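Examination of the molecular architecture
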Amino acid sequence: MNAFARLALWFVLGVMLAGGSARAQADTGTAEALMHKSGLWEQLGSLAPGVRAGFLQSMAASQEQPSASELTRLLRAIDQAYGADRLRAIGLEAIAQGLDARHVPALNRWYATPTGAKVSRLEEQAAAETRDPQDILREGADLLVGLAPRRRAALDDILGVTGSAELMAQLSIDMALAARRGTVSVLPESPGPSAAELTAALESQRPQLQQAYAALLMAGFVKTYAPLTDDELSDYVGFLKSDAGQHFNDLGVRALEAALVDAAAAFGRSLPGTRDRSNA
C-alpha cells in the first residue's frame, strides 16, 4: 500500500456524526451553532494530532526514513494543512450550503436532550484519540465478547445507518488521490504512479479497506458508547434513523470529506518543499 493510503488507513477519525437541499437553506450562524452542538466543530479542530500520529506510524514502518529536518518540515506541513481554523472553515461552508432549515428544529431538540449532548461529547473524545489502531482493536475485541445482544444490535445499527466503514474507505481513497494530485501540481515529474494507476490500485483495495474499517470502528464504538445506557443508545439509534438525523449525518459526511480531501491536497502540494535539497 502506498504511503498516503497507509496514512489514511492508520488515521482514526472515530464517529463523525454531525450529519442538503438547496431549498430553505439555513444561515451560517445556524450551521455553526449545530456544528458546536453536534461536536463536529471540536472534531474538525482535533484532527491534526491524529494525522501526525498516523504519519509517524507510517514513517516508522517505511524503509525510507526522512532526515530530522525533513521530518520537522513534514510535521509542520501536516499542522498547516490540517489546521483547526482551516478545516472548520471548509466544513462550515459545506454545512451552511447544504443544511435544510426544515430539519433545524428537530436537530436542536435532539442536541438539547441530555442524551444528545452526552453523545456529542463522547464522540468529541473519540475523535481526539491518537492511539495505535491495533490497541483499539484488541480492547474492542475484549469488550465485544460479553456484549448483550441488544447492545450489539444497536452498535451494528450505528455502523450501518451512518455508513461509517464505507465513508472511511472512500476517504482513504480520496485523500490518497488528492495528496498525489497536490504533489504533481507542484512537481509534475515526481516519481510515482499515474492518476489512473493509483486509482486502480486503491479501488482494488476498497473491499479490504471497508472490512478493516468496519472492525476498527466497531471496536471503537463499543468503548466510545460504553457510558451510554441501553435506553440512551436506543434513543441515539432512533435519532440517526430519523429524517433529521439522516440529513445531518449525510451533510456531516460531505463536510468531513470536503475538509479532508482539501487538506490532503494541500499536504501533497507542500511535500516537495519539505525535502532537504529544496531548502539548501
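Worth saying up front: this structure is predicted, and the values here are computed from it rather than measured. (Residues numbered from 1 in each chain as written. Predicted model: local features only at pLDDT ≥ 70, side-chain atom pairs only at ≥ 80, totals over all residues. Heavy atoms only, no water.)

Quick look at the overall build of the chain now. Within the chain, the regular secondary structure consists of 15 helices and zero strands. Compactness check: the chain gives a C-alpha radius of gyration of 19 Å against a globular reference of 19 Å for 280 residues, within 12% of the reference. With the principal axes as the frame, the chain shows a C-alpha extent of 60 × 45 × 30 Å. Looking at the 280 residues of the chain, the share that counts as buried comes to 50%. For the chain, the centre of its 26 positive side-chain charges and the centre of its 32 negative side-chain charges are spaced 2 Å apart. (Helix = DSSP H or I, 4+ residues; strand = E, 2+ residues; numbered from the N terminus. Rg over C-alpha atoms; globule rule 2.2 N^0.38 Å. Buried < 20%, exposed > 50% of the residue type's maximum accessible area, 1.4 Å probe, protein only. Lys, Arg positive; Asp, Glu negative; His and termini not counted. Charge placed at Lys NZ, Arg CZ, Asp CG, Glu CD.)

Attention shifts here to the confidence of the model for the chain. Here the chain shows a mean pLDDT of 85. Residues at 70 or above account for 90%. Counting contacts from residues 1-23, a segment whose pLDDT is below 50, to residues more than four positions away or on other chains yields 89 contacts. (pLDDT = per-residue confidence, 0-100. Contact = heavy atoms within 4.5 Å.)

The residue Ser-120 is located in helix α8 (residues 114-127) in this model. One polar contact links the side chain of Ser-120 to the main-chain carbonyl oxygen of Lys-37, over a distance of 2.9 Å. Sequence-distant contacts of Ser-120, that is, excluding residues within four places in its chain, are made with Lys-37, Ser-38, Gly-39 and Tyr-111. (Polar contact = N/O pair within 3.5 Å; in protein donor to acceptor, adjacent residues only side chain to side chain.)

So, on to the packing of helix α11 (residues 164-186) against helix α13 (residues 206-224). It is at 8 Å that the axes of α11 and α13 come closest, and there the two elements cross at 125 degrees. Viewed along their axes, α11 and α13 adopt a mutual orientation that is oblique. Crossing of α11 over α13 shows right-handed handedness. Residues Ser-164, Ala-165, Glu-166, Met-168, Ala-169, Gln-170, Ser-172 and Ile-173 of α11 touch α13, and the partners they reach there are Arg-206, Leu-209, Gln-210, Tyr-213, Ala-214, Leu-217 and Phe-221. (Axes fitted to C-alpha atoms, helices over the stretch in contact; angles between N-to-C directions. Parallel < 35°, antiparallel > 145°, perpendicular 65-115°, else oblique. Left-handed = near helix turned anticlockwise from the far one by under 90°.)

Attention shifts here to α13. Two residues of an α-helix separated by three or four positions point the same way, owing to the 3.6 residues in each turn. An ideal rise of 1.5 Å per residue puts 27 Å on 19 residues; α13 measures up with 26 Å between its terminal C-alpha atoms. All of the buried residues in α13 are Arg-206, Leu-209, Tyr-213, Leu-216, Leu-217, Met-218, Ala-219, Gly-220, Phe-221, Val-222 and Thr-224. (Expected span 1.5 Å × (residues − 1).)

In this section: the packing of helix α10 (residues 149-162) against helix α14 (residues 230-241). Running from N to C, α10 and α14 cross one another at 25 degrees; their axes reach a closest spacing of 10 Å. One finds that α10 runs roughly parallel with respect to α14. Every pair of crossing elements has a handedness; the one defined by α10 and α14 is left-handed. For the pair formed by α10 and α14, the contact residues are Arg-150, Arg-151, Ala-154, Leu-155, Asp-157, Ile-158, Val-161 and Thr-162 on the first element and Asp-230, Asp-231, Leu-233, Ser-234, Tyr-236, Val-237, Leu-240 and Lys-241 on the second. By residue class, the composition of the contact of α10 with α14 is eight nonpolar, two polar and six charged. (Nonpolar A, V, L, I, M, F, W, Y, C, P; charged D, E, K, R; others polar.)

It is worth spelling out the packing of aromatic side chains at this point. Counted under the stated rule, the structure contains seven aromatic pairs. With a centroid separation of 6.0 Å and an interplanar angle of 85 degrees, the aromatic rings of Phe-55 and Phe-267 are classed as edge-to-face. Taken as a pair, Phe-55 in helix α4 (residues 47-60) and Phe-267 in helix α15 (residues 243-270) lie far apart in primary sequence, 212 residues in all. Side by side, Phe-55 and Phe-267 carry an identical accessibility label, which is buried. Here Tyr-111 and Phe-248 contribute two aromatic rings whose centre-to-centre distance is 6.4 Å and whose plane-to-plane angle is 70 degrees, an arrangement assigned as edge-to-face. Of the two residues, Tyr-111 sits in helix α7 (residues 104-112) while Phe-248 sits in helix α15, which places them 137 residues apart along the sequence. Accessibility assignment for this pair places Tyr-111 and Phe-248 in one class, buried. (Phe/Tyr/Trp six-rings, centres within 6.5 Å; stacked < 30°, edge-to-face > 60°.)

This paragraph deals with the pattern of salt bridges. Under the defined criterion, the tally for this structure stands at 13 salt bridges. Residue Arg-138 is joined to Asp-135 by a salt bridge in which the shortest nitrogen-to-oxygen separation is 2.2 Å. Of the two residues, Arg-138 and Asp-135 both sit in helix α9 (residues 133-145), three residues apart, roughly one turn of that helix. Across the pair Glu-203 and Arg-206 runs a salt bridge, and its minimum N-O distance is 2.9 Å. For Glu-203, a relative accessible area of 35% gives the class partly exposed. Taking relative accessible area as the criterion, Arg-206 reaches 19% and is therefore assigned buried. (Salt bridge = Lys/Arg side-chain N within 4 Å of Asp/Glu carboxyl O.)

What follows deals with α8. For α8, with 14 residues, the first-to-last C-alpha span of 20 Å sits near the 20 Å given by 1.5 Å per residue. Along α8, the positions that sit buried rather than exposed are Thr-115, Gly-116, Val-119, Ser-120, Leu-122, Glu-123, Glu-124, Ala-126 and Ala-127. Along its buried surface, α8 packs onto α2 (28-38), α3 (40-45), α7, α13 and α14.

All right, on to the environment of Asp-142 then. Following the sequence through the fold, Asp-142 ends up in helix α9. Expressed as a C-alpha distance, the spacing of Asp-142 and Ala-89, which sit 53 residues apart in the sequence, is 39 Å.

On the secondary structure map, His-103 appears in the loop between α6 (84-98) and α7. Excluding residues within four positions of it along the chain, His-103 makes contact with Asp-243, Ala-244 and His-247.

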